[in-house]
Amino acid sequence: MLQKLKPADFDKVFHIMELSFPKDEFRTYEEQKALLEKSYYQIYILPNESGEDIKAFVAVWEFDEIVYIEHLAVNPEFRNGGLGALILQELIRQSDKQICLEVEPPKETMAIRRIGFYERNGFFLNEYDYMQPAISKGRKPIPLLIMTSGRKISKEEFDGIKTLLYTKVYGQKGE
């Protein structure tokens, strides 16, 4: 099912990223590609039957404490077929760690739908204040919330995840 990204397929993944996320939610091409050199960062793809195209991908940071999903996207040609849920369930099945991800607060219809999707797939919304630092130079910070697999987390657990993400993913100091 999920396969580790081959460097030659990075451009296809980045194209899906550009189609799927606002500019403030992903790094520049060079910065995103450079992450592949980090041992705890990995992109997994779901190729189509011929292997020529990518149906979906998930970019994760695997730390000792948690697995953080930075990006999960389905190629627009293959959306609404259950692939996102399939990938989430595969990640949950393969990992013995809690999985977390960031979502927009439930203020707009798409954000509410996205949260519902993650909830249907075993994630819980943790309503602690969280600001995603700017992901790249020229990008803006974004107010988000953290969702976690299996259960809600305590404020202390949230603070630990926040500090981990700020320092390891965003190169910031935890607040």
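Draft legend 1. A look at the environment of leucine 46. Tracing the chain through its elements places leucine 46 in strand S2 (residues 41–47). Look at leucine 46 and you get buried, because its relative accessible area is 8%. When the C-alpha positions of leucine 46 and methionine 1 are compared, they lie 6.3 Å apart, and in sequence the two are 45 residues distant. With residues up to four places along the chain from it excluded, the contact list for leucine 46 reads Met1, Leu2, Ile54, Lys55, Ala56 and Leu83.

Draft legend 2. Representation of the environment of aspartate 11 within the structure. Within the element layout of this structure, aspartate 11 appears in helix H1 (residues 10–20). Measuring from C-alpha to C-alpha, the distance between aspartate 11 and leucine 91 comes to 23 Å, with 80 residues separating the pair along the chain.

Draft legend 3. Examining the pairing of S2 more closely. The element S2 is largely enclosed, with a buried count of six among its seven residues. Pairing analysis gives two bridges linking strand S1 (residues 3–4) to S2, with the strands arranged antiparallel. By the bridge assignment, lysine 4 is partnered in S2 with tyrosine 44. The sheet contact formed by S2 and strand S3 (residues 54–62) spans seven bridges and is antiparallel. Each residue of the ladder has a partner; that of isoleucine 43, found in S3, is alanine 59. Linkage of S2 to S3, two consecutive antiparallel strands, is achieved through a turn of six residues, within which glycine 51 is found at a positive phi near 80 degrees.

Rules of the game
- Residues numbered from 1 in each chain as written.
- Predicted model: local features only at pLDDT ≥ 70, side-chain atom pairs only at ≥ 80, totals over all residues.
- Heavy atoms only, no water.
- Helix = DSSP H or I, 4+ residues; strand = E, 2+ residues; numbered from the N terminus.
- Buried < 20%, exposed > 50% of the residue type's maximum accessible area, 1.4 Å probe, protein only.
- Contact = heavy atoms within 4.5 Å.
- Pairing = 2+ DSSP bridges.

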